[in-house]
Amino acid sequence: MFDAFFVQQLVNGFSVGLVYALIAIGFTLIFGVLNVVNFAHGEVYMVGAYAGVVLITALAPPLVAVVLFVMAVGAVAGFGLERLAFKPFRRFQDEASLKSKAMREATLLSSLAVSIIVREVVEKVFGGAMRPVPFESQLTDPVQIGELSFSTGQFVIFGAAVAMFAGLQFLLYRTRIGLSIRAVANNPLGAKYVGIDTDRTIIATFVVGSVMGAVAGILVALYYGSVFPTMGFAPGVKAFVAMVMGGLSSIPGAVICAIFLGLAEAVATEFLAQGWSEMIAYGFLLLTLIFFPTGLFGGARDRV
Amino acid sequence: MSKRILPLALPLVVALAVLVLVPALLQASGSGYLFRVSITAMIFAILAASLNFITGVAGLLSLGHAAFYGIGAYAAALLATQHGVPFLLTIPLAGVAAAIGGVLVALPTMRLVSIYFAVATLGMGEIIHGTLLNWVDFTRGPMGIPAIPSFKVFGLDLSGNLGSYLVVAVVMLASLWVLHRLTHSYYGNALRALREDDQCADSMGIDVVRLKGEVFAIACFFAGVAGALWAHTTGYISPNDFRFGESILVLAMIVVGGLGSLPGAVIGAVLLIVLPEALRPVGDVRMIVVGCVMFFSILLLPKGLFGEVSALNLVRSSFGGGWKAGTARQSIGWR
C-alpha cells in the first residue's frame, strides 16, 4: 500500500490541502472578527487567479511580480467587498447588533449575491470555458527526487503557505493592527471603548484575508494550468468545512483540518471514482457537525 | 351575508386569473414560448413557496433546496420512463420521495442552528447533486433522462401547451393553498415562534425537534412535486438542473419577495423568472440580474417586496372570518 504511487498521492493531497488552508485562513479571520460567513471568499480566490493570468498573458513578468500584483488585487477586492456587502449592514455599532442573527443572515445573503454577480460578470467578460495559463508560466516542471516526482508548483505552494502562515502569525501577534484585530475578534464593543477604530480593523481583516485567498488562487492557477469562473466554489466550500472542523475561530485548527481534507481527498481517489471523492469534504462536514459541534480544535463556543 | 362571501373573493379572483384569464391571453397570443415561461414561473412559485415554509416561516436557512427538487424530478422521471406510472401517481410519489429525503437530511442536522444549519444543508445538497451525477447505473449520470412522457390522463391528452399549463396551474394552486393553510394557522404560529427563538419555544412546550422534521417533510414534499412537474413538462432532466445555483435562485426569490411571506414568495418567483426572460434581448444576463435584484433588495428593501407583516394583514383581512376580532372585541388569534 505504501508504494511510491501512494506517497505521490499523499504529496499531491498535501499541496491541495495547503491551498485549502490558505483560503481557510481568510475565512477564519473574517469569521473570528465579524462572526459572519463571507460567501464571496471563493470569488476573491477566483478574481486573484484571473488577475494573475491576465497579467501573465499581457506582460509575462517574473513570478514574484505576479504574486505582488495579485496581492494588490486581493487587497482591493477585500476592501471593495467589505464596503459593498458588509458595511451597509453594520448600521448600528453596539455589540448586540454586531453579532446579531439578522446581521449575520443579511451579510450572508449579500455576500452570496455579490459572489453571484462577480462570478457571472467574470464569465461574461472572459467566457465560461477553462482559460489556459501560458505554458511558460505554468509551475508544472517535474522535479525528480528518488522515486517520487514533484512539480515546482508544489514547492511554490508549500513555500508560499509557510511564508504566509508565518507572516500572519507575525501580523497578529507582533503588530498593532494585529493587536486590534485580535481585540475586535474578542469583544468588538470593548475594543471600541478602548479607542480602537473598529471599522478600520474590520477592513484590515478583510484585506489580509482576501490577499491570502487571491494568492492561493493564482498559485493554484499556475499549478493546474487553467482558470475558470466557477473555480472558487468548491475550494471555498472546502475551506469553509476546514474552518468548521477546526473550531471556527482557531486558525491553526483550520490549517490542520484543511491539510487533512486535502490528504483525505487524495487517499479517497485510490478507492473511489473522481466524482465521489469530491464529496468526501461534505461527508466530513456533516460528521463534524454531528459529533463534534464545537470543532476538533475549538474551545467552548456558543450553541451551534 | 357579505361577511361570508367577502373572504372568498380574493382566492376566487386569484383562481380565475390563473386558470382562465392568463391561459386565455396566452392562447390568444399563440406563443409556445410564453406558455413555457409561465409554466416555469408557476413551478418556481411552488418551489419558492416551499422554501419559504422552511426558511421564511420556520427560520431554517436552507441552501440545498434544489436537491429535493431534483429528487422529485428524478423520482417522477424514473417512475414514468421505466415503470410507466401515470402522472397522477408520479407527482405525489415524487413528493413522497423528496419528503423522505428531507426527513433523512433533517434528522442529523436537527440540532444545528443558523449558519451551521445553512452550511449543513449546502453540504447535503452537494452530496445529493453528486449522487445524481455519479450514480450512473441508476440516474444515467450527466446524460440525464430523456423522453419523459407528458401529461396524459384517462385517454385525455394534456400534453399541449394549454393542457400542461392547466395541470401545472391546478397543482400550483393546490400546493399554495395547503401551504397557506399551514402557514396561517396555529401551526404556523408555532413555526414562527421556533424561528424567533427555538430555545424559548421549546420551554413553552413546543416540540422543536418534531416540528423541524415536519417542516422539512412538508416543504420537501412540495419541492418534489415541483420537480415532478418540471420533469413532465420539459421531458428531459439532467443533474445540471438541480445545482447549487438553483438553490440560490429560489432563495433569492423568497428574499426579494419577503422572507416569511407566502404571496411574496410567489411574487418573487414570477419576478425572477419573467425579468431575465424580458431582458433576453439585452443578452443572457440571467444570473447577473438575479444577483443584482437579490443584493439591492437586501440593501434597500430588507423586508422584501411584500413583507411578512403585510402578508399576514392581507390574510387576516381577506381569508376567512375566523381571525377577526370576536364579539368580546378580543382577537382570538389564528386557526
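Residues numbered from 1 in each chain as written. Chains lettered and ligands numbered in written order. Predicted model: local features only at pLDDT ≥ 70, side-chain atom pairs only at ≥ 80, totals over all residues. Heavy atoms only, no water.

Let's shift gears to the overall build of chain B. Of the regular secondary structure elements, chain B holds 14 helices and two strands. Looking at the 335 residues of chain B, the share that counts as buried comes to 56%. For chain B, restricting intrachain contacts to residue pairs at least 6 apart in sequence, the fraction spanning at least 24 positions comes to 77%. For chain B, the exposed area adds up to about 14200 Å²; of that, 69% sits on carbon and sulfur atoms. (Helix = DSSP H or I, 4+ residues; strand = E, 2+ residues; numbered from the N terminus. Buried < 20%, exposed > 50% of the residue type's maximum accessible area, 1.4 Å probe, protein only. Contact = heavy atoms within 4.5 Å. Areas by Shrake-Rupley, 256 points an atom, 1.4 Å probe, with all protein chains shown as cover.)

Tallying secondary structure elements over chain A gives 13 helices and four strands in all. Its C-alpha atoms give chain A principal-axis dimensions of roughly 60 × 45 × 35 Å. Taken across its 304 residues, chain A has 54% of its residues classed as buried. Sequence separation of at least 24 residues holds for 75% of the intrachain contacts in chain A that already meet a minimum separation of 6. Of the charged side chains in chain A, 18 are positive and 17 negative; the average position of the first set lies 13 Å away from that of the second. (Lys, Arg positive; Asp, Glu negative; His and termini not counted. Charge placed at Lys NZ, Arg CZ, Asp CG, Glu CD.)

Before going further, it helps to spend a moment on the confidence of the model for chain B. Residues and elements named next belong to chain B. Mean pLDDT over chain B stands at 81; residues scoring 70 or higher make up 89%. Ranking the elements of chain B by mean pLDDT puts strand β2 (residues 156-157) last, at 69, and helix α10 (residues 208-234) first, at 89. Note that pLDDT drops below 50 for residues 1-5; the model gives that stretch one contact with residues more than four away or on any other chain. Among the scores for the predicted complex, ipTM is 0.78 and pTM is 0.83. (pLDDT = per-residue confidence, 0-100.)

Turning our attention to the pairing of strand β2 (residues 142-145) of chain A. Strand residues, when the strand is regular, have side chains that alternate between the two faces of the sheet. All names here are of chain A. Taken together, the four bridges between β2 and strand β3 (residues 148-151) define a ladder with antiparallel strand orientation. Looking at β3, one finds that Val 143 is bridged to Phe 150. What sits between the antiparallel neighbours β2 and β3 is a turn of two residues, in which Gly 146 has the positive phi angle 60°. (Pairing = 2+ DSSP bridges.)

Let's shift gears to the confidence of the model for chain A. In low-pLDDT segments, the atomic positions of the prediction should not be examined closely. The pLDDT averaged across chain A works out to 82; a share of 91% of its residues lies at or above 70. For chain A, per-element mean pLDDT is lowest for helix α4 (residues 95-98) of chain A, which scores 58, and highest for helix α3 (residues 63-86) of chain A, which scores 90.

All names here are of chain B. Turning to its location among the elements, Ala 223 is positioned in helix α10. Sequence separation between Ala 223 and Val 290 is 67 residues, and the spatial gap between their C-alpha atoms is 20 Å. Every residue in contact with Ala 223, bar those within four places of it in the chain, is listed here: Leu 47, Ser 50, His 65, Phe 68 and Tyr 69.

To continue, consider the interface of chain A and chain B. Across the contact, 40 residues belong to chain A and 38 residues belong to chain B. Between chain A and chain B, roughly 3600 Å² of surface is buried when both sides are summed, and carbon and sulfur atoms account for 77% of that area. Across the contact surface, chain A and chain B share zero salt bridges. Inspection of the chain A/chain B interface yields zero residue pairs in polar contact (both at pLDDT 80 or more). Those elements that place two or more of their residues in the side of chain A that touches chain B are α3, α5 (101-126), α10 (233-246), α12 (274-277) and α13 (280-291) of chain A. The element that contributes the greatest number of residues to the side of chain A that touches chain B is α5(A), accounting for 14 residues. Residues of the side of chain A that touches chain B, tallied by class, amount to 30 nonpolar, three polar and seven charged. (Buried area = accessible area lost by both parts, 1.4 Å probe. Salt bridge = Lys/Arg side-chain N within 4 Å of Asp/Glu carboxyl O. Polar contact = N/O pair within 3.5 Å; in protein donor to acceptor, adjacent residues only side chain to side chain. Nonpolar A, V, L, I, M, F, W, Y, C, P; charged D, E, K, R; others polar.)

Here we come to empty space enclosed by the protein. For the structure shown, the criterion picks out five cavities of 30 Å³ or more. Its boundaries defined by the atoms lining it, the largest cavity holds a volume of some 180 Å³. Of all the secondary structure elements, the ones that give two or more residues to the lining of the largest cavity are α2 (41-59), α5 and α10 of chain A together with α5 (114-134) and α11 (244-257) of chain B. Taken together, the residues that form the lining of the largest cavity break down as twelve nonpolar, six polar and two charged. (1 Å grid on protein atoms, 1.4 Å probe; cavity = no way out; pocket = protein on both sides within 12 Å on 5 of 7 lines; lining within 4 Å. Points joined across faces, edges and corners; volume = space filled by probe spheres on them.)

Right, let's get into the layout of surface pockets. Residue and element names in this part refer to chain A. Looking at the largest pocket, its volume works out to about 1900 Å³. Here the element with the most residues in the lining of the largest pocket is helix α1 (residues 4-34); it accounts for six residues. Along the lines of polarity and charge, the residues of the lining of the largest pocket split into 22 nonpolar, 15 polar and twelve charged.

Residue and element names in this part refer to chain B. In a regular helix each residue adds 1.5 Å, so 19 residues correspond to 27 Å; helix α3 (residues 65-83) covers 27 Å between its end C-alpha atoms and thus fits that length. The buried fraction of α3 is high, at 14 of 19 residues. Immediately beyond the C-terminal end of α3, within one or two residues, lies Gly 84, with a positive phi of roughly 60°. (Expected span 1.5 Å × (residues − 1).)

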